[in-house]
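Coordinate analysis (summary)
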Amino acid sequence: MSEARRMHPAATIFNFIAMIKDVLIPAVIGSFALIRNIDAASWVWVLVILGLLLVMIGSSFLSWYRFTYRIEGEELRIESGIFIRKKRYISKNRIQSIDLTAGVIHRIFGLVKVEVQTAGSDNSAEAGLKAVSRKEGEVLREALKRDKAEVADETGESSGIEEPKAIAQRTIGLKRLLLAATTSGGIGVFLSLFAVVGSQINQIIPDGFFMNVYNWAIHLSIVILLFFVLLVCVGVWLMAIAGTLLRYSFFTIRKYKEELFITRGLLEKKQVTVPLNRIQGIRIQENIFRQPLGYAAVYAEVAGGALDKNDDFSIALFPLLKRTEIKSFVQEYLPGFQIEDKWGHLPTRSARRFILRSIIPVVVIAAPILYFFPFYSWMALIIIAAAAVLGYLRFRDAGFIINEKQLSFRSRMLNRETIVVDRKRIQSLSASDHWFQRRKSLQTVYFSIASHSGVGKSFLVKDMENKDAEAIRNWYSFHSN
């Protein structure tokens with residue numbers, strides 16, 4: 001691979017799509033008001049659009065033609081740029097993972113996208129090849145992972161690399177996948193998406209539209225309004241199910257000597273490499289749908305490497321496991337971590353603080369509603385009661401475990417989360433208190449671990465007993481070396 005190579009010509013398609021998304025669409029939206037005020041014949045606009053398309057097609061082709069890559073010595077060398085040449089050299093020693101992704105277009109042509117992640121890269125890849133053959137991608141990955149690997153030449157001869165045998169392997173069955181989809185709790189993602197889309201189309205919605213909708217809605221009965229809200233929630237829930245199915249279909253995790261290899265996806269098949277030495281901690285998430293059923297998702301908190309925006313900078317090690325399966329799963333795939341059950345709990349006097357923190361924001365919001373719409377006060381009281389219950393659950397679920405090498409925290413906002421970290425992976429640990437806590441001899445303890453792009457990720461437990469907070473601080477201070 002010492003000779004410069006180009007990507008598959010289909011990379012031109014991806015370059016063109018990227019230009020449409022990054023250049024053409026923003027330009028059209030940004031100049032929408034200006035275009036409406038320019039008096040020109042329709043054929044003029046057709047010529048302008050055709051001209052832009054021709055320029056974009058030519059630029060996409062030249063970007064592909066001028067992009068070359070090769071492995072020379074201990075480096076991956078990439079040269080790109082139409083007029084100004086950019087050269088990027090990435091040492092093999094800095095590479096944390098090489099991930100292969102195959103979207104719909106990739107799979108039509110039998111191609112993959114190669115993303116190279118380093119310890120210093122953020123969410124985006126340090127380097128990426130938009131389209132190479134699957135065999136070329138696999139050979140490139142093996143060549144970058146092994147210092148002395150002999151790879152195939154341009155004629156496609158055998159690379160001589162013996163495929164390592166997986167130590168352990170687990171896949172998700174159809175029944176478990178469907179359960180993961182229906183209990184994913186991904187409604188928030190789609191509500192955020194609707195909010196973003198709504199902020200964009202607001203510019204083209206006629207004036208008075210929302211006022212007309214409001215006037216129409218206030219004349220409806222509460223039953224009909226609740227029915228519409230329920231209908232929207234069901235629709236969003238169905239979309240969340242579809243998103244989870246697309247994302248985690250064919251999920252497989254394999255363990256090798258020094259890394260985990262994860263494959264997932266229906267329309268877009270993604271292959272993620274997780275180096276074991278980059279895993280900072282294990283996070284177990286039990287959302288409000290899965291916890292009563294005894295299920296949870298297991299994530300790895302990884303410093304650098306291939307991160308997934310949808311997982312909040314974490315990598316899903318398995319999308320759904322029974323709580324009784326998690327301990328054996330971690331022992332098999334991450335033997336450096338231990339899952340324990342002997343939790344240290346918060347003192348009873350902390351319960352009041354958790355409940356007040358939950359209901360005060362609700363009361364502040366509900367007070368104006370109660371004043372202007374006293375008829376619906378019963379709904380506000382139900383919401384306040386639900387907030388109080390949530391506060392109590394936050395108190396009951398909060399806890400900690402310390403042993404010789406590990407620290408575990410458990411807390412809840414809406415979902416219950418458990419984080420397990422090795423002492424050597426903790427970047428900093430602190431305890432703090434304010435006047436209200438000092439009156440009750442309570443403290444908040446929090447720690448940080450390395451995350452993406454050098455940015456730390458923090459976890460905390462509030463209102464802990466003073467002696468417990470001191471014990472955790474001493475455990476870290478006296479053994480941090």
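Below: a short report on this structure. (Residues numbered from 1 in each chain as written. Predicted model: local features only at pLDDT ≥ 70, side-chain atom pairs only at ≥ 80, totals over all residues. Heavy atoms only, no water.)

1. Some thoughts on the overall build of the protein
Rules: We count a stretch as a helix when DSSP gives it H or I for four or more residues in a row; a strand needs E for two or more, and each element gets its number in order from the N terminus. Throughout this description, buried means an accessible area under 20% of the type-specific maximum (1.4 Å probe, protein chains only), exposed means over 50%, and partly exposed covers the range between. Every residue pair with non-hydrogen atoms within 4.5 Å of one another is taken to be in contact. Every accessible area reported is derived by Shrake-Rupley at a probe size of 1.4 Å, with residue values counting cover from the shown protein chains alone.
Within the protein, the secondary structure is distributed over 14 helices and 20 strands. When burial is assessed residue by residue, the protein has 40% of its 481 residues classed as buried. Within the protein, counting contacts between residues at least 6 apart in sequence, those at least 24 apart form 59% of the total. By element, 62% of the accessible surface of the protein is carried by carbon and sulfur atoms, the whole surface being about 27,300 Å².

2. Here's the deal with the environment of Pro275
Here Pro275 lies in strand 10 (residues 269-275). Here the alpha-carbon distance between Pro275 and Lys257, two residues 18 residues apart in the chain, equals 9.6 Å. Leaving out residues up to four positions away in the same chain, Pro275 has contacts with Gln96, Ser97, Glu258 and Glu259.

3. Digging into the pattern of salt bridges
We apply this condition: One speaks of a salt bridge when a side-chain nitrogen belonging to Lys or Arg is within 4 Å of a carboxyl oxygen belonging to Asp or Glu.
Scanning all chains against the criterion turns up 23 salt bridges. With a closest N to O distance of 3.3 Å, Arg416 and Asp397 form a salt bridge. Placement of Arg416 in strand 17 (residues 416-422) and of Asp397 in helix 12 (residues 377-397) is noted, with a sequence separation of 19 residues between them. Asp397 carries the same exposure label as Arg416, and that label is buried. Linked through salt bridges whose partners overlap, the residues forming this network are Arg70, Glu72, Glu75, Arg77, Glu79 and Arg85.

4. Some thoughts on the pairing of strand 3 (residues 86-91)
Regular strands have side chains that alternate between both faces of the sheet. Heads up, the condition is: At least two bridges found by DSSP between two strands is the condition for calling them paired.
Of the pairings in the sheet, the one linking strand 2 (residues 75-80) to strand 3 comprises six bridges and is antiparallel in character. Looking across to strand 3, one finds that Glu79 is bridged to Lys87. Linking strand 2 back to strand 3 in an antiparallel pair, the connection comprises five residues, with Gly81 at a positive phi of about 115 degrees.

5. Focus on the sheet that holds strand 17
Reading across from one edge, 13-12-11-17-16-15-14 is the order of the seven strands in this open sheet, with antiparallel pairing throughout. Here the strands that pair on one side only, and so sit at the sheet edges, are strand 13 (314-322) and strand 14 (344-345). As paired elements, strand 16 (residues 406-412) and strand 17 share seven bridges and run antiparallel to each other. Bridging across to strand 17, Ser408 finds its partner in Val420.

6. Let's talk about the packing of aromatic side chains
Formally: When two rings of Phe, Tyr or Trp (its six-membered ring) have centres within 6.5 Å they constitute a pair, described as stacked for plane angles under 30 degrees, edge-to-face for angles over 60, and tilted for the intermediate range.
Within this structure, the stated rule accounts for 12 aromatic pairs. Between Phe251 and Phe318, the ring centres sit 5.4 Å apart and the planes meet at 80 degrees, which makes this aromatic pair edge-to-face. Taken together, the positions of Phe251 in the loop between helix 9 (222-248) and strand 8 (252-255) and Phe318 in strand 13 put the pair 67 residues apart, joining distant regions of the chain. Just as Phe251 is buried, Phe318 falls in that class too. Both rings, one in Trp435 and one in Phe436, keep their centres 5.0 Å apart while their planes meet at 80 degrees; by these two values the pair is edge-to-face.

7. Remarks on the nonpolar core
Condition: Here the nonpolar core consists of buried residues drawn from Ala, Val, Leu, Ile, Met, Phe, Trp, Tyr and Cys, with membership extended through side-chain atoms lying within 4.5 Å.
Of all hydrophobic cores here, the largest spans 32 residues; its most connected members are Ile253, Ile279, Leu317, Phe329 and Leu334. Taken together, the elements giving at least two residues each to this core come down to strand 9 (259-264), strand 10, strand 11 (279-286), strand 12 (295-302), strand 13 and helix 10 (323-333). No other element matches the six residues that strand 12 contributes to this core. In this structure, Phe329 is in contact with Arg170, Ile253, Val298, Leu317, Phe318, Leu321 and Leu334, ignoring residues within four places of it in sequence. Counting 26 residues, the second-largest nonpolar core is a separate cluster that includes Ala10, Ile95, Val112 and Leu129.

8. Here we look at the environment of Lys457
Let me state the cut-off plainly: Under the rule applied, a polar contact is a pair of N or O atoms within 3.5 Å (in protein, one hydrogen donor and one hydrogen acceptor; residues adjacent in sequence only if both atoms are side-chain atoms).
Of note, Lys457 is situated in strand 20 (residues 456-465). It is 9.0 Å that separates the C-alpha atoms of Lys457 and Glu301, two residues lying 156 residues apart in sequence. Only 3.3 Å separates the side chain of Lys457 from the side chain of Ser314, close enough to count as a polar contact.

9. Quick notes on the sheet that holds strand 18 (residues 426-432)
How we decide: Orientation is described by lines fitted to C-alpha atoms, with helices fitted over the stretch in contact, and by angles between N-to-C directions that extend from 0 to 180 degrees.
Reading across the sheet, the three strands line up as 18-19-20 and stay open at both edges, with antiparallel pairing between neighbours. On the outer flanks of this sheet lie strand 18 and strand 20, each paired with one strand and no other. In this sheet, neighbouring strand axes are inclined to one another by 15 degrees on average, regardless of whether the strands run parallel or antiparallel. Sheet contacts for helix 11 (residues 351-372): strand 19 (442-450) and strand 20; angle to strand 20, the most-contacted strand, approximately 125 degrees.

10. Points about unusual backbone geometry
One non-glycine residue, Phe250, lies in positive phi territory at about 60 degrees. Of note, Phe250 is situated in the loop between helix 9 and strand 8. Given the relative accessible area of 57%, Phe250 is considered exposed. Positioned with a positive phi, Ser441 is a non-glycine residue whose angle comes to about 55 degrees.

11. Side note on the pairing of strand 5 (residues 111-118)
Burial analysis of strand 5 places seven of its eight residues in the buried class, which makes it a mostly covered element. Here strand 4 (residues 95-102) pairs with strand 5 via six bridges, running antiparallel. Paired with Ser97 across the bridge in strand 5 is Gln117. Both strand 5 and strand 6 (residues 127-133) contribute to a ladder of five bridges, which runs antiparallel. Paired with Val114 across the bridge in strand 6 is Leu129.

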